[in-house]
Structures are given as C-alpha cells and as structure tokens.
Amino acid sequence: MASPMSASRFLERLRAEGATVVEVGDWEHHNRNHVGPWGPVHGVMIHHTVTKGSAHTVELCRKGYEGLPGPLCHGVITKDGRVHLVGYGRANHAGLGDDDVLRAVIAESALPADNEANTDGNRHFYGFECENLGDGQDPWPTAQLEAIERVSAAVCRHHGWTERSVIGHLEWQPGKVDPRGFTMASMRARIRERLS
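Now for a look at the structure at hand. (Residues numbered from 1 in each chain as written. Predicted model: local features only at pLDDT ≥ 70, side-chain atom pairs only at ≥ 80, totals over all residues. Heavy atoms only, no water.)

Some thoughts on the pairing of strand β2 (residues 43-48)
Along a regular strand, successive side chains alternate from one face of the sheet to the other.
Link 1 in the chain: For β2, the buried fraction is high: six of the six residues fall into the buried class.
Link 2 in the chain: Side chains of β2 alternate between two faces, with Gly43, Met45 and His47 and Val44, Ile46 and His48 buried alike.
Link 3 in the chain: Two elements, β2 and strand β10 (residues 166-168), share three bridges in a ladder whose sense is parallel. Across the sheet, residue Val44 finds its bridge partner in β10, namely Val166. (Buried < 20%, exposed > 50% of the residue type's maximum accessible area, 1.4 Å probe, protein only. Helix = DSSP H or I, 4+ residues; strand = E, 2+ residues; numbered from the N terminus. Pairing = 2+ DSSP bridges.)

Describing the nonpolar core
Link 1 in the chain: Counting 35 residues, the largest nonpolar core has Phe10, Ile46, Tyr126 and Ile148 as the members making the most contacts within it.
Link 2 in the chain: Among the secondary structure elements, those contributing two or more residues to this core are α1 (7-16), β2, β6 (82-85), β9 (125-130), α4 (142-159) and α5 (184-195).
Link 3 in the chain: No other element matches α4, which puts eight residues into this core.
Link 4 in the chain: In this structure Ile46 touches Phe128, Cys130, Ile148, Ser152, Val166, Ile167, Gly168, His169, Asp178, Pro179, Phe182 and Met184, once residues within four positions along its chain are discounted.
Link 5 in the chain: Core analysis: the second largest hydrophobic core is formed by eight residues, Met45, Val101, Leu102 and Trp172 among them. (Core = buried A, V, L, I, M, F, W, Y, C linked by side-chain atoms within 4.5 Å. Contact = heavy atoms within 4.5 Å.)

Examining the sheet that holds strand β1 (residues 20-23)
Link 1 in the chain: Taken together, the six strands give an open sheet; going across it, the order is β1-β6-β5-β9-β2-β10, and neighbouring strands pair in mixed fashion. Two strands bound the open sheet, and with one partner strand each, they are β1 and β10. The mean inter-strand angle of the sheet, taken between neighbouring strand axes irrespective of direction, is 30 degrees.
Link 2 in the chain: Bridge analysis of β1 against β6 gives four bridges, and the strand direction is parallel. Residue Glu23 lies in a different strand from β6, and its bridge partner there is Leu85.
Link 3 in the chain: Each of β1, β6 and β9 touches α1; the most contacted strand, β1, lies at about 150 degrees to it. (Axes fitted to C-alpha atoms, helices over the stretch in contact; angles between N-to-C directions.)

Quick word on the pattern of salt bridges
Link 1 in the chain: What the rule picks out here adds up to 15 salt bridges.
Link 2 in the chain: The residue Asp138 makes a salt bridge to Lys79 at a minimum N-O spacing of 3.0 Å. Taken together, the positions of Asp138 in the loop between β9 and α4 and Lys79 in the loop between β5 (75-77) and β6 put the pair 59 residues apart, joining distant regions of the chain.
Link 3 in the chain: Residue classification places Asp138 among the buried positions, given a relative accessible area of 17%.
Link 4 in the chain: You can call Lys79 partly exposed: its relative accessible area is 21%.
Link 5 in the chain: Measuring nitrogen to oxygen at the nearest pair gives 3.2 Å for the salt bridge that ties Arg103 to Asp99. Of this pair, Arg103 and Asp99 both sit in helix α3 (residues 99-107), separated by four residues, roughly a single helical turn.
Link 6 in the chain: Of the residues examined, Arg103 reaches a relative accessible area of 49% and is grouped as partly exposed.
Link 7 in the chain: The network of salt bridges with common partners includes Glu17, Glu149, Arg157, Arg190 and Arg194. (Salt bridge = Lys/Arg side-chain N within 4 Å of Asp/Glu carboxyl O.)

Points about unusual backbone geometry
Link 1 in the chain: With omega at 0 degrees, the peptide bond leading from Gly39 into Pro40 counts as cis.
Link 2 in the chain: Considering the arrangement of structural elements, one finds Pro40 in the loop between β1 and β2.
Link 3 in the chain: Note the cis peptide between Asp178 and Pro179, where omega equals 0 degrees.
Link 4 in the chain: Inspection of the secondary structure assignment puts Pro179 in the loop between β10 and α5.
Link 5 in the chain: For Val50, which is not glycine, the phi torsion reads 60 degrees and is therefore positive.
Link 6 in the chain: Mapped onto the elements, Val50 comes out in the loop between β2 and α2 (54-63).
Link 7 in the chain: Residue classification places Val50 among the exposed positions, given a relative accessible area of 53%.
Link 8 in the chain: For Glu108, which is not glycine, the phi torsion reads 55 degrees and is therefore positive.

Remarks on the state of the cysteines
Disulfides are covalent bonds that link the sulfur atoms of two cysteine residues.
Link 1 in the chain: Going through the model one piece at a time under the given rule, you end up with zero disulfides.
Link 2 in the chain: In this model Cys73 remains outside any disulfide bridge; the closest cysteine sulfur is found in Cys61, 4.4 Å from its own.
Link 3 in the chain: Left unpaired, Cys130 is separated from the closest cysteine sulfur, that of Cys73, by 8.6 Å.
Link 4 in the chain: A relative accessible area of 0% means that Cys130 is categorised as buried. (Disulfide = S-S within 2.5 Å.)

As structure tokens, then:
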C-alpha cells in the first residue's frame, strides 16, 4: 500500500531524476478527486496521445474533451522530452482494467494477459501521456524516450518500486495498443538500468 506523494514532492522527484519539467497552470490542484479516490498507488502507466503538435497535446490532456474531462494524465511528455505537468491527483487516464494485472504490478511479477476490465486504474496509477500519433510510424525521439525513462524511474525510486511497476496502457486494458512504437519490455530494461 503506497500513498501518493505530495504534488511538491512529485515535482522535486522528477527534477532530481533529470527531467525537464514545465508546470502548466494550477496543475497541483487540477484533478478528478471529487468523483473517486486517488490512491493507494501501485505503479506508473505510459500512454500515447494520438495527437500532433505539443501545444495542442498539452492543452487537450489538461482540459480533456466532451465525455472525458481533464486532466487526462499527470504529465504530458512532448517530442522534445519536456514533461508538462497538467494535473495531480485522480486523472482520467487508465480507466477500467484487469485486476489480475494490478495484482501482478503490486507483486512486481510477470504480467498476465489483460482479458477483463473490472478495476479502476485511475485510482492506482500515475499516468504519463506521450505525444505520438500511435500509428507505429511516428518516431519516438531519443529525448522523449529518455524522459519516459526518467519520470518512471523517479516515481519508482520514491516508492521503492522496481521497473516492474511500470506498465503500458495496452498491458492494462483489453483493446488498447498504447504505447505503440516501442516495447514496454525495452522501456522497463532502461528503467531497471537507471534504478541500479
């Protein structure tokens, strides 16, 4: 059982890990806590946005859209590797996912195939949206991949988690494909090396 770190501690941890952070508006108090709990937290979830253009992507993830209010994550990682903090607390990013996957994340064991959507992930995961079209063709710049590695390691380091606490949306919710264009196995290997 891990309580979410405070917003100020989150910011401090990201910067200490070498992430280039941009604070967007009143991100520390922008959340969906009024509709459900935030925590206990058990891991980090990585997404792609299916958008183009950093300013548009950050604004969309901060505000949300009709039918899905923002914030849509805690941080938006743009192509240039900057991490834009758009919210803190419960965010609309993970949705319902597989309780077997959650148990594996908590145990830091091998992930089972996600075959049901019966558990609230917005409560249990830090979420990072990454600017990418998600078509398997749009490139992932080195700076962006390094930023994903850094923010994931920062959260894991704070909570004493290993790289096994970092998953992709595709590993959580049936039918999701994000992030597409790199494997979560390769990203977890990078995070493991950073944490060692």
